[in-house]
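# Analysis of the macromolecular model
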Amino acid sequence: MTGPRALGTALGSIVGAGNVLSGLQATAAFSSDATGTWRGSARCVVLPATADELAAVITELVSRDVAYVVQGGNTGLVAGATPLGGEVVVSTRRLSGVDSLDAPRREMRVRAGTSLAQVQRVAAAAGLELAVDLAARDAATIGGLVATDAAGSRSLRHGRMGAQLLEVDVVLPEGVLVRGLEVPPRAATRATGAGRGRHEHLARLVAGSEGTLGTVTSARVRLVPRLGARATALVAVARVADAVELAARARRALPSLDAMELVESDAVELVAEAAASHPPLAGTALVLLECAAAVSPRRELASFLEGADEVRGVLVATDATARAQLWSWRRDVPAALASVGGHALDVGVPLARVPELLARVRAALAALAPGSRLVAFGRLGVGALHLHVVGAAAGHTAVDAAIARAVVELGGDVAGEHGVGRAKAALLERGGGEAPREPAGELKAVLDPRNLANPGVPAMRGGAGQRRW
Ligand SMILES: Cc1cc2nc3c(=O)[nH]c(=O)nc-3n(C[C@H](O)[C@H](O)[C@H](O)COP(=O)(O)OP(=O)(O)OC[C@H]3O[C@@H](n4cnc5c(N)ncnc54)[C@H](O)[C@@H]3O)c2cc1C
């Protein structure tokens, strides 16, 4: 019995008939990704409310050889949760809520479908926060953040989502629920050899595995104190190489450094155009540096910048309104780019290789897509560079392949900030050489021999957790 009705009835008996959605209209919101570019068609959408229900749903699907896609808030930008092959969507939307907050230990236990905004609200009441924050916070879920190993502006200081993870409960690809997989700190693992067992391994691999190695049902995450005093500087530099030089030194010299972003002048001009204003400073690129501490880090930031030869102009702010104004030159770039169209690819390369990557991409564009131009921005030191090609045909495969090749040759990866998903899966091959990361690929074959969990998404990024460029 694998017909749609039989499947729907079986799933309905687990989660309640009202929590199995079918038909184009009911499933439309679950069938495309946040970019709107990738549209699939869900065979049905099933919404379990507990980890046991989720495990039973997956067991049922697998017993019928039915492929499925796990979906959280569906804010992903690489079609990682999009049922392009007509899969069943298993949504975690009802698996939501903060189970406990241990303020003295700075830890929270939270169900996978809880939104990031909800986590931040509960944490803020205790003077704490999750260190990874992003603009899609109202819908993005903890399960999605873990699965994509999401990065935010503060990942420079605290690491990506994988680095916030202390423990996970996971439903393995064939439906077995494993609770309490602890992620020991790397230092402890090195010092004592503890936690080198199978479980520790799996827990680490889940971060960044994009739903291919298991479905997170709950996570225990670390929180950090909310730091009240902030100082932000917008710095103009003459060359991207100077931005990298400044960034590398800032990282060494500023203990309170919390965020560091790059915006090339083309992007600044687009933001200025959209706001009918002028770029705030003249230069080839802007670097936004933000320090955060218990007491004002303004002096620390200012004295660092005074001694920096790369600085061509600088604006500094400490109050919230003025800081938001400086941040708007970075924050408003995606919206400004959306209004001019084009094709976006986010990638990661080590900090020192950023100038070379940009030069190689510009050379490739000149050869392959004359008349197009590159607009670049991103997070310095986190491995998250957004490359936006304006004027080339969207999805220009030769351009994408050239970018992927350059990224890989420079020691980076095409997963960047948003992951690989289905959108960038083909690029892994064209990039030439980004082989499935062991042991994630090996584990996938053992845990999911029929490739039913998120087929089409390569199981290669698991364990990316604590990477920091
Ligand atoms: C406006 C905007 C801004 C953004 N900014 C950032 C940013 O700064 N940094 C960043 O990293 N990303 C950013 N993103 C992308 C996106 O928000 C993140 O990738 C986020 O982590 C996805 O969470 P989600 O719950 O929406 O996951 P979904 O989109 O539903 O799924 C994403 C992937 O995770 C898997 N998945 C989801 N839930 C689970 C689970 N419980 N267990 C296992 N696998 C699961 C899915 O199968 C899929 O592969 C942004 C997106 C938007 C729209």
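Residues numbered from 1 in each chain as written. Predicted model: local features only at pLDDT ≥ 70, side-chain atom pairs only at ≥ 80, totals over all residues. Heavy atoms only, no water.

## Examining the site of the ligand
Near the ligand there are 33 residues, and of these V70, G72, T75, T141 and A151 occur at the shortest range. Between an oxygen atom of the ligand and a main-chain N or O atom of G72, the distance comes to 2.7 Å. The contact in question runs from an oxygen atom of the ligand to an N or O atom on the side chain of N454, over 3.1 Å. Burial of the ligand by the protein amounts to 90% of the accessible area it has alone, namely 970 Å². (Near = heavy atom within 4 Å. Polar contact = N/O pair within 3.5 Å; in protein donor to acceptor, adjacent residues only side chain to side chain. Areas by Shrake-Rupley, 256 points an atom, 1.4 Å probe, with all protein chains shown as cover.)

## Here's the deal with helix α15 (residues 397-409)
Residues that lie three or four places apart on an α-helix share one face, since the helix turns once every 3.6 residues. The end-to-end C-alpha separation of α15 is 18 Å, in line with the 18 Å expected for 13 residues at 1.5 Å each. For α15, every residue scored as buried is listed here: V399, D400, A401, A402, I403, A404, A406 and V407. One or two positions beyond α15, positive phi appears at G411, with a value near 85 degrees. (Helix = DSSP H or I, 4+ residues; strand = E, 2+ residues; numbered from the N terminus. Expected span 1.5 Å × (residues − 1). Buried < 20%, exposed > 50% of the residue type's maximum accessible area, 1.4 Å probe, protein only.)

## Points about the environment of C291
Counting through the fold element by element, C291 comes out in strand β14 (residues 285-293). Put simply, C291 and G36 are 255 residues apart on the chain and 36 Å apart in space, counted from C-alpha to C-alpha. Each residue touching C291, except ones within four places of it in the same chain, is listed here: A229, R230, A231, L254, S256, L257, D258, P297 and L301. (Contact = heavy atoms within 4.5 Å.)

## Focus on unusual backbone geometry
Positive phi, close to 60 degrees, is recorded for A79, a residue that is not glycine. Taking relative accessible area as the criterion, A79 reaches 0% and is therefore assigned buried. Not every positive phi belongs to a glycine, and N454 is a case in point at roughly 55 degrees. When you line up the elements, N454 lands in the segment after α17 (440-447).

## Things to note about the nonpolar core
One finds L61, Y68, V88 and L130 to be the most contacted residues of the largest nonpolar core, which totals 54 residues. Top element by residues in this core is helix α3 (residues 51-63). It accounts for six residues. With 53 residues, the next largest nonpolar core counts V235, C291, L374 and L387 among its residues. (Core = buried A, V, L, I, M, F, W, Y, C linked by side-chain atoms within 4.5 Å.)

## Side note on the packing of helix α1 (residues 4-15) against α3
Their axes nearest at 9 Å, the elements α1 and α3 cross at an angle of 160 degrees. Between α1 and α3, the angle is such that the two are roughly antiparallel. For the crossing formed where α1 meets α3, the hand is right-handed. Residue-level contacts link L7, A10, L11, I14 and V15 of α1 to E53, A56, V57, E60 and L61 of α3. (Axes fitted to C-alpha atoms, helices over the stretch in contact; angles between N-to-C directions. Parallel < 35°, antiparallel > 145°, perpendicular 65-115°, else oblique. Left-handed = near helix turned anticlockwise from the far one by under 90°.)

## Some points on the side chain of N454
For N454, a relative accessible area of 2% corresponds to the buried category. Other than its neighbours up to four places away in sequence, N454 contacts Y68, V69, G80, E210, G211, T212 and R422.

## Considerations on the sheet that holds strand β12 (residues 229-237)
One open sheet holds the seven strands; their spatial order is β15-β12-β14-β13-β17-β18-β16, and the pairing between them is antiparallel. In this open sheet, the two strands that pair with only one neighbour each are β15 (313-317) and β16 (343-347). For this sheet, the mean angle separating the axes of adjacent strands, direction not counted, is 15 degrees. By the bridge criterion, three bridges tie strand β13 (residues 257-264) to strand β17 (residues 373-379) in an arrangement that is antiparallel. The partner of L262 across the bridge, within β17, is G378. In this fold helix α11 (residues 298-306) packs onto β12, β14 and β15, with an angle of close to 15 degrees to the strand it touches most, β12. (Pairing = 2+ DSSP bridges.)

## Let's talk about the sheet that holds strand β5 (residues 98-102)
Pairing within the open sheet is antiparallel, and its five strands lie in the order β5-β6-β10-β8-β9. At either end of the open sheet lies a strand with only one pairing partner, and these are β5 and β9 (177-182). Put simply, the sheet's adjacent strands are angled 10 degrees from each other on average, direction ignored. Alignment of β5 against strand β6 (residues 107-111), held across four bridges, turns out to be antiparallel. Pairing of L101 across the sheet is with M108, part of β6. Sheet contacts for α3: β8 (165-171), β9 and β10 (215-222); angle to β9, the most-contacted strand, approximately 125 degrees. Lying over the sheet, helix α4 (residues 116-124) contacts β5 and β6, oriented at roughly 150 degrees with respect to β6.

## Remarks on the environment of A243
With respect to the helices and strands, the residue A243 is situated in helix α9 (residues 240-253). Classification of A243 as buried rests on a relative accessible area of 0%. Distance in space between the C-alpha atoms of A243 and V287 is 6.5 Å, their sequence separation being 44 residues. The residues contacting A243, other than those within four sequence positions of it, are V237, L262, V287 and L380.

## Considerations on the packing of helix α14 (residues 354-368) against α15
Relative to each other, α14 and α15 sit at 155 degrees, their axes nearing to 10 Å. Of the possible angle classes, the one that applies to α14 and α15 is roughly antiparallel. Considering the relative orientation of α14 and α15, their crossing is right-handed. Judged by residue contacts, L357, R360, V361, A364, L365 and L368 of α14 engage A398, V399, A402, I403, A406, V407 and E409 from α15. Residues of the contact of α14 with α15, tallied by class, amount to 11 nonpolar, no polar and two charged. (Nonpolar A, V, L, I, M, F, W, Y, C, P; charged D, E, K, R; others polar.)

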